[in-house]
Amino acid sequence: MDRIVYADNAATTSVSENVINAMMPCFTEYWGNPSSLYSGGRNAANIISGAREGIAGLLGCRPGEIYFTASGSEANNWALKGAARANQKKGRHIISQKTEHPAVLQALASLQKEGYEVTYLGVDRDGILTPGEVEAAIRPDTTLIAIMYANNEIGTIMPIKEIAAVAKAHKITMFTDAVQAIGSIPVNVTDLGVDMLSLSGHKIRAPKGIGLLYIKTGTRIQNLIDGGGQEKGKRGGTENTAYIAGLARAMEDAVEGIEDMERVKALRDRLAAEIIKIPHTRINGSMKYRLPGNLNVAFEGIEGESLVLLLDMAGISASTGSACSSASLEPSHVLLALGIPAEKAHGSLRLTLSRVNTEEDADYILEKLAPAVQRLREMSPLWNGLQ
Ligand SMILES: *Cc1c(COP(=O)(O)O)cnc(C)c1O
């Protein structure tokens, strides 16, 4: 193995040194319970309020509208279940779409078991949905619209600002999962006009196990986790001071470094231009409305899982479809929603670059990828059938 290249930044990222440095004093010095009245508690509470203010500044909202959670998944569950239940007297219809993250789709499935109705809008061949399609699905009993900002598998960016305007015109609560967007494209809740927005720490170099939900003042939402009055009585559980400090630092660095995503985009475009020269290869999802670091390609005649394992032997970490679906060997629900047949969806590879990646990383991926695809095709009965 000549090199180690991590190209799976949509699955998770390493914790940065800045973030570790921001967290460390919370373990060694400021470990008090933020609810305690003595100085050890107050110091921890101050760290949390500083983090909340910093994050609110980055997202364009008030500090009191930021609620920390234990993950992006929790934030998604809270937004959907909390808002749906708080509005159930008004109506029990929710609009979402097919390429959402499992933390949205499964939360909606739970709500369906409780008697809510969900319309799952389809997307076009590029993975995009129009505001007009959302508007057409609105019914008198619709109370919630949930559309992700950027997709985790194919990196497609949805027209959230326009969809939020539709929601607002119909007085419907608008939620967006912005976990993949932050640090890659601008995320300003006021500019977007959404009522709720979720984020996760570990996609932007904070640890796993921290996330947040922005809840605009006045948004009707029930609690998901009841407890000891933390987060203004809306989310119980002693605050994770260290991870909250780490999330604030990670967000600051991610937003500050967003200009560097132009370089990442150029790297991604170079990879894309070379990779599509491999015969019988296509790119999944829009190249126009797409996160700068995301590339998702389908290679006919092979299994994505085998390709990921072969690349791993060469020191390259990549993924097939999404990290969640790769364990199940089910074809990706996102690729199927694009109308890609199951056998082609199976041969898909996701490469997700971050600011940590270099030109040399791209060179190395290009050096190893085509021979790996060729080797698998030579062994593949699928490929032989196609020839
Ligand atoms: C990773 C991810 C989540 C889940 O966040 P966790 O903190 O891992 O629970 C939700 N939505 C999207 C789009 C993601 O990429």
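Below is a short write-up of the structure. Counting restarts for each chain, with residues numbered from 1 along the sequence as it is written. Reporting in this predicted model follows two pLDDT cut-offs: at least 70 for local features of residues, and 80 or more for side-chain atom pairs to be given and counted; totals over whole chains, interfaces and linings ignore these cut-offs and use all residues. Hydrogens and water are ignored here; the side-chain numbers use all heavy atoms of the structure.

Focus: the sheet that holds strand 12 (residues 348-352)
By definition, two strands form a pair when at least two bridges between them are found by DSSP. Secondary structure elements are defined from DSSP: runs of H or I of at least 4 residues count as helices, runs of E of at least 2 residues count as strands, and each element is numbered from the N terminus. Strand order in the open sheet formed by 3 strands is 9-10-12, with antiparallel pairing between adjacent strands. Pairing within the sheet leaves two strands with one partner each, and these edge strands are strand 9 (281-283) and strand 12. Adjacent strand axes in the sheet meet at a mean angle of 25 degrees when their direction is disregarded. Taken together, the 3 bridges between strand 9 and strand 10 (residues 294-299) define a ladder with antiparallel strand orientation. Note on strand 10: the bridge partner recorded for T281 is F299. A contact between two residues is defined here by any heavy atoms of the two lying within 4.5 Å. Whenever a helix is involved, its axis is fitted only over the stretch in contact; in every case the axis is a line through C-alpha atoms, and angles between N-to-C directions fall within 0 to 180 degrees. Packing against the sheet, helix 10 (residues 261-275) makes contact with strand 9, strand 10 and strand 12, and its axis sits at approximately 10 degrees to strand 10. Against the sheet, helix 15 (residues 359-379) makes contact with strand 9, strand 10 and strand 12, and its axis sits at roughly 25 degrees relative to strand 10, the strand it touches most.

Digging into the pattern of salt bridges
The salt bridge definition used is simple: a Lys or Arg side-chain nitrogen within 4 Å of an Asp or Glu carboxyl oxygen. The final tally for this structure, using the stated rule, is 19 salt bridges. The salt bridge partner of D8 is R350, with a shortest N-O separation of 3.1 Å. Residue D8 is located in the loop between strand 1 (5-6) and helix 1 (17-28), and its partner R350 is located in strand 12; the two are separated by 342 residues in the primary sequence. Both residues of the pair, D8 and R350, belong to the buried class. Linking K265 and D269 is a salt bridge whose minimum nitrogen-to-oxygen distance equals 3.6 Å. On the criterion of helical spacing, the pair formed by K265 and D269 is a turn pair, its members being 4 residues apart in helix 10. We call a residue buried when its accessible area falls under 20% of the maximum for its residue type, exposed when it is over 50%, and partly exposed in between, using a 1.4 Å probe and counting protein chains only.

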